[in-house]
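One letter stands for each residue in the lines below.
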Amino acid sequence: MEVTGEHIVEFEGVTKIYKSKASLFSRSSEEVVALRDLTLNIRKGEIFGLVGESGSGKTTAGRLLVKLEEPTEGVIKLDGTDITKLKGGRLKEFRRNVQMIFQDPYQSLNPQVSIFEAVCEPLVIHGIGNSGNRKEMVEEMLALVGLSPPEDFLARYPHQLSGGQRQRVAIARAMILKPTMVVADEPTSMLDASISAQIFNILLDMRERFQVSILFITHSLAAARYLCDRLGVIYKGSLMELGPSGVIIAEPRHPYTQALIDALPKFGQCGSVFHYGTLLAEERRGIEDGEGKGTKEFCPFFPRCRPARAEKCANAMPRLENLSPGHAIRCFFPARPSLQVETAGSSKCYYGI
Amino acid sequence: MAGSVQKRAGFKGAFLEGWEIFKESLLGRIGLTLILIFALMAVASFIPPMIDPMYHPMHGVDPEISFSTGPSLRHWLGTDFMGRDILSQLLAGARVAFMVGVSAAFMSIFLGTSIGMIAGYMGKAVDTMLMRLADMIMVMPTLLVVLILSSLFGQLNIWTIVLIIALFRWPGVSRVIRSQTLSLKTRPFIEAARVAGASHFRIIFRHIMPNVLPLSFLYMTFRVTSAIIIEAALAFLGFGDPGTVSWGMMLQWVWKTGHMFKAPYWLLPPGICISLITLSFYMLGRAMDEVLDPRLRKEADAS
Ligand SMILES: Nc1ncnc2c1ncn2[C@@H]1O[C@H](COP(=O)(O)OP(=O)(O)OP(=O)(O)O)[C@@H](O)[C@H]1O
Ligand code: SF4
Ligand SMILES: [Mg+2]
């Protein structure tokens, strides 16, 4: 299917701050900036990957998009409409168009609800079909996610399925409404590698079949490269690099992305593969708990960034700027591209998923 | 890990699994046996009046006896002060105990479960309001309230008493169900239902309720116990429904007519029955607790 230029989702300056309640002992309430000024678009029919280490705010972005949370600041648009103010019928329509596949298939299915009921529930909620043809629709969808013969699964309960099978059920449940946008939050992080590959193929098939756009959240660049058309690399809530996935993997320009590539497990003849070495073994101290805490602007990657220069990086937040059309990074000192191209793409070396 | 949490599923599977554990419990077996015996008594209470109207627990009077007599062939447990058969009164008392215990418990559990789920799920102002209400009711002693009400409105009908007990005994249940709901609320399958567009009503009754219901049933057994005790106490103090023969009422007759220390055949049966039936529901509850407890712990581990 074609990825068109049209945007289905637009994040415009989205910030999400979690406030933990003031406890008995500390008067001031702690604030966690989970997402800072996120601006990005997802195109129709595209699989957009959001990559970053644990706690970087990926899930937060996904939860904002499916309206499980509300942004503290900024606007999120679906098909051009601001979703933050939806109510009543419009909200219900939104709920029909945007679905989510959760990280943990052991937790995302109600243990007391059979597979048939679980997959059928969205149809019931949105009044699609009738008691006669819903069963057919459910069976059809179960077959599409590779649970065959589907009749065998209808009466089962989640505990009678393997993790991979449960995740397939979760995908069937998400896809049965034929949504236009699906958020898949690390759908395979609880599964082993061979099952993961099957799940990825199901997602690709779903995109092909239903022209659904997918926000694919992962901590693995390799999984993202396999699946995604474009990637966003996020660190501590800030989008660091944005571009076509091939380009980002082959020619990462942000020190943090480069560090992520370094961390990938590699197979084959990798002796000659370039190692960026942009990650400091030990964090720079002082900047986050020095004086003026919370007010001072600095690059979030500064404490761990080797190429950083303190006079700049510790005193201002770099802006997300285009290097070439469609490829942007947030860094004062983008690495020279020529440096990596010659060595990074050895054909005999593979990144593991 | 998460996998172990999901062992139960569906009511049938959960029930069978629970029954396996329950069967192993001595307390549970004794409790259940006693309850069955009392249930048989309640059913049997319809028989004596059919044999002879003089065995009617309320209106039947043996024409040849006008004072309390001990056990005899004609009256196996003897008669009360006006010649009514004590055994048929005892059987009728079992019927009343079940009626009061089960219906009051059922109503208070129904209220407590609904209110607990709504408070826990809705949170914020609704939660605060409902829980303050629960606190207020919880500190009011039920017995005292019913006593005051019946001294204001005269003798209360048995169903009114049941209703009052139910209205005053839900807060404890609602607190437990609320905290269970709070932990369920953040579970991904609830969020998955929200994303699918499920209404609050659907989430509460379709997704939360099946997961808290086992706990509600557990509390129901304890509520049966307390309802029976409250009714017995009321009746003994003379505030029971004068139209029913409950065990508390029998004790009150023993006391009022001055037979307390003269007629053990009359005093002991209702006294023992009250103790045993409350004990048996309590034992049933404890056994159910054992069934549920490891699961609750497992769920706590997972979240
Ligand atoms: N409900 C919440 N309350 C307070 N802080 C939160 C909440 N949810 C997330 N956070 C914080 O926001 C930050 C981003 O969390 P998020 O779950 O989005 O990260 P993530 O990239 O998905 O990480 P992971 O790979 O571990 O899933 C973290 O620091 C986290 O502690
Ligand atoms: S701005 Fe400075 S600290 Fe931040 S990534 Fe670039 S070089 Fe590193
Ligand atoms: Mg996450």
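It should be noted that the structure appears before, not after, this text.
Small disclaimer: the values here were computed from a predicted structure and weren't measured. (Residues numbered from 1 in each chain as written. Chains lettered and ligands numbered in written order. Predicted model: local features only at pLDDT ≥ 70, side-chain atom pairs only at ≥ 80, totals over all residues. Heavy atoms only, no water.)

**Student:** What should I look at first to understand the interface of chain A and chain B in this one?
**Tutor:** It is common to give the size of an interface as the accessible area that goes away when the parts come together. Contact residues are listed per partner, giving 30 residues for chain A and 25 residues for chain B. Summed over both sides, the interface of chain A with chain B buries roughly 2,600 Å², with 53% coming from carbon and sulfur. For the chain A face of the interface with chain B, the top three residues by lost area are Q107(A), P111(A) and Q112(A), together amounting to 27%. The interface formed by chain A and chain B holds three salt bridges in total. For R63(A), the salt bridge is made with E191(B), and the minimal N-O distance between the two is 2.7 Å. Summed over the shared surface of chain A and chain B, the number is eleven residue pairs in polar contact (both at pLDDT 80 or more). For the side of chain A that touches chain B, the elements supplying multiple residues, two or more each, are α2 (88–97), β6 (98–101), α3 (115–125) and α6 (163–175) of chain A. It is α3(A) that contributes the most residues to the side of chain A that touches chain B, five residues altogether. In terms of residue class, the side of chain A that touches chain B is made up of 14 nonpolar, seven polar and nine charged. (Contact = heavy atoms within 4.5 Å. Buried area = accessible area lost by both parts, 1.4 Å probe. Salt bridge = Lys/Arg side-chain N within 4 Å of Asp/Glu carboxyl O. Polar contact = N/O pair within 3.5 Å; in protein donor to acceptor, adjacent residues only side chain to side chain. Helix = DSSP H or I, 4+ residues; strand = E, 2+ residues; numbered from the N terminus. Nonpolar A, V, L, I, M, F, W, Y, C, P; charged D, E, K, R; others polar.)

**Student:** Just checking my understanding: could you explain the side chain of S213(A) for this structure?
**Tutor:** All names here are of chain A. With respect to the helices, strands and loops of the structure, S213 is situated in strand β8 (residues 213–218). Polar contacts involving the side chain of S213 include one to the main-chain amide nitrogen of G45, which spans 2.9 Å. Residue contacts for S213: discarding those within four places in its chain leaves I8, R43, K44, G45, E46, T180, M181 and V182.

**Student:** What am I meant to see in the sheet that holds strand β5 (residues 81–82) of chain A here?
**Tutor:** Within a beta sheet, neighbouring strands are joined by backbone hydrogen bonds and run either parallel or antiparallel to one another. All names here are of chain A. The sheet built from four strands is open, its strands ordered β2-β1-β4-β5 with antiparallel pairing. Only two strands of the sheet have a single neighbouring strand rather than two, namely β2 (31–43) and β5. Bridge count for strand β1 (residues 7–19) against β2 is nine bridges, and the pairing is antiparallel. Note on β2: the bridge partner recorded for Y18 is V32. Each of β1, β2 and β4 (73–78) is contacted by helix α1 (residues 58–65), which is oriented at about 115 degrees to β1, the strand it contacts most. (Pairing = 2+ DSSP bridges. Axes fitted to C-alpha atoms, helices over the stretch in contact; angles between N-to-C directions.)

**Student:** Would you mind showing me how to read helix α6 (residues 142–153) of chain B here?
**Tutor:** The periodicity of an α-helix, 3.6 residues per turn, causes residues three or four positions apart to be oriented the same way. Residues and elements named next belong to chain B. Between its first and last C-alpha atoms α6 spans 16 Å; for twelve residues at 1.5 Å apiece the expected length is 16 Å, and the two agree. Buried within α6 are the following residues: T142, V145, V146, L147 and S150. Contacts from the buried residues of α6 go to α7 (158–168) and α10 (200–236). At the exit of α6 stands G154, carrying a positive phi of roughly 80 degrees. (Expected span 1.5 Å × (residues − 1). Buried < 20%, exposed > 50% of the residue type's maximum accessible area, 1.4 Å probe, protein only.)

By themselves, these figures tell us nothing about what the structure is for.
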